[in-house]
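If you want the building blocks of each chain, they are given just below.
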Amino acid sequence: MKRKTIGMIVATVIVLGLGLAVYNQIIPDKYVPAADEIALHIQLDTEEDIGLLVYDYCADSHEYSGGISNADGSFLKHDSDNIVVWNREELNHPAEPFELSMRFRIITEYVSPNYENIYPDDITKYMEPVSWEARFGESYFITITGDQTGGYQAVWNERIDERKIDPG
């Protein structure tokens, strides 16, 4: 009886271990952009949750607008990591490297997103623009800090791309 119980425990541990390995392969803990993509990681480090995060950006002299919200109408968590991915086609095929600049806006209350990205001034908090030289196949990192009363800042984070680290 003891052997059977031990065998079942070992089999369960093996199955759980294999399941975890498969899960990590299917859903990795970080996004790695394809060769024709740019990934922007936006880490919120704000004092309170926010309604929407809106951004206006310019890539190779083409202007765009976008944003992040929760589909269920809930607030974005004050400590959430958000990823925006653009591909070469979405950015009108710019030559590399190219200047990418962004100006973020925090909408302090949840309102339904709209395609014009126009929201009431009393709930809109603007940040100074952030710019950098971008290349496809790369990940970039920005942290947004602050609060409603003191304002918000978008801070560029210099991170090393792990794929370029020479192990030797």
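In this model, the second largest pocket occupies a volume close to 180 Å³. Lining the second largest pocket we find 13 residues, and of these G66, G67, P113, N114 and N117 sit closest to its centre. When residues of the lining of the second largest pocket are traced back to their parent elements, those giving at least two are β2 (52–59) and β3 (62–68). Of the residues forming the lining of the second largest pocket, the biggest block, four residues, is contributed by β3. A class-by-class count of the residues in the lining of the second largest pocket yields seven nonpolar, six polar and no charged.

Here we take up the packing of aromatic side chains. Scanning the entire structure with this criterion turns up nine aromatic pairs. Centre to centre, the rings of W132 and W156 are 4.9 Å apart; their planes meet at 35°, and the pair counts as tilted. Taken as a pair, W132 in strand β7 (residues 130–134) and W156 in strand β9 (residues 151–157) lie far apart in primary sequence, 24 residues in all. The class for W156 is partly exposed, based on a relative accessible area of 29%. With a centroid separation of 5.9 Å and an interplanar angle of 35°, the aromatic rings of Y140 and W156 are classed as tilted. Of this pair, Y140 sits in strand β8 (residues 138–147) while W156 sits in strand β9; the two residues are 16 residues apart in sequence, bridging distant segments of the chain. Its relative accessible area of 9% is what places Y140 among the buried residues. What links up through ring pairs into an aromatic cluster is the set Y55, Y57, Y64, W86 and F104.

Definitions and limits used
- Residues numbered from 1 in each chain as written.
- Predicted model: local features only at pLDDT ≥ 70, side-chain atom pairs only at ≥ 80, totals over all residues.
- Heavy atoms only, no water.
- 1 Å grid on protein atoms, 1.4 Å probe; cavity = no way out; pocket = protein on both sides within 12 Å on 5 of 7 lines; lining within 4 Å.
- Points joined across faces, edges and corners; volume = space filled by probe spheres on them.
- Helix = DSSP H or I, 4+ residues; strand = E, 2+ residues; numbered from the N terminus.
- Nonpolar A, V, L, I, M, F, W, Y, C, P; charged D, E, K, R; others polar.
- Phe/Tyr/Trp six-rings, centres within 6.5 Å; stacked < 30°, edge-to-face > 60°.
- Buried < 20%, exposed > 50% of the residue type's maximum accessible area, 1.4 Å probe, protein only.

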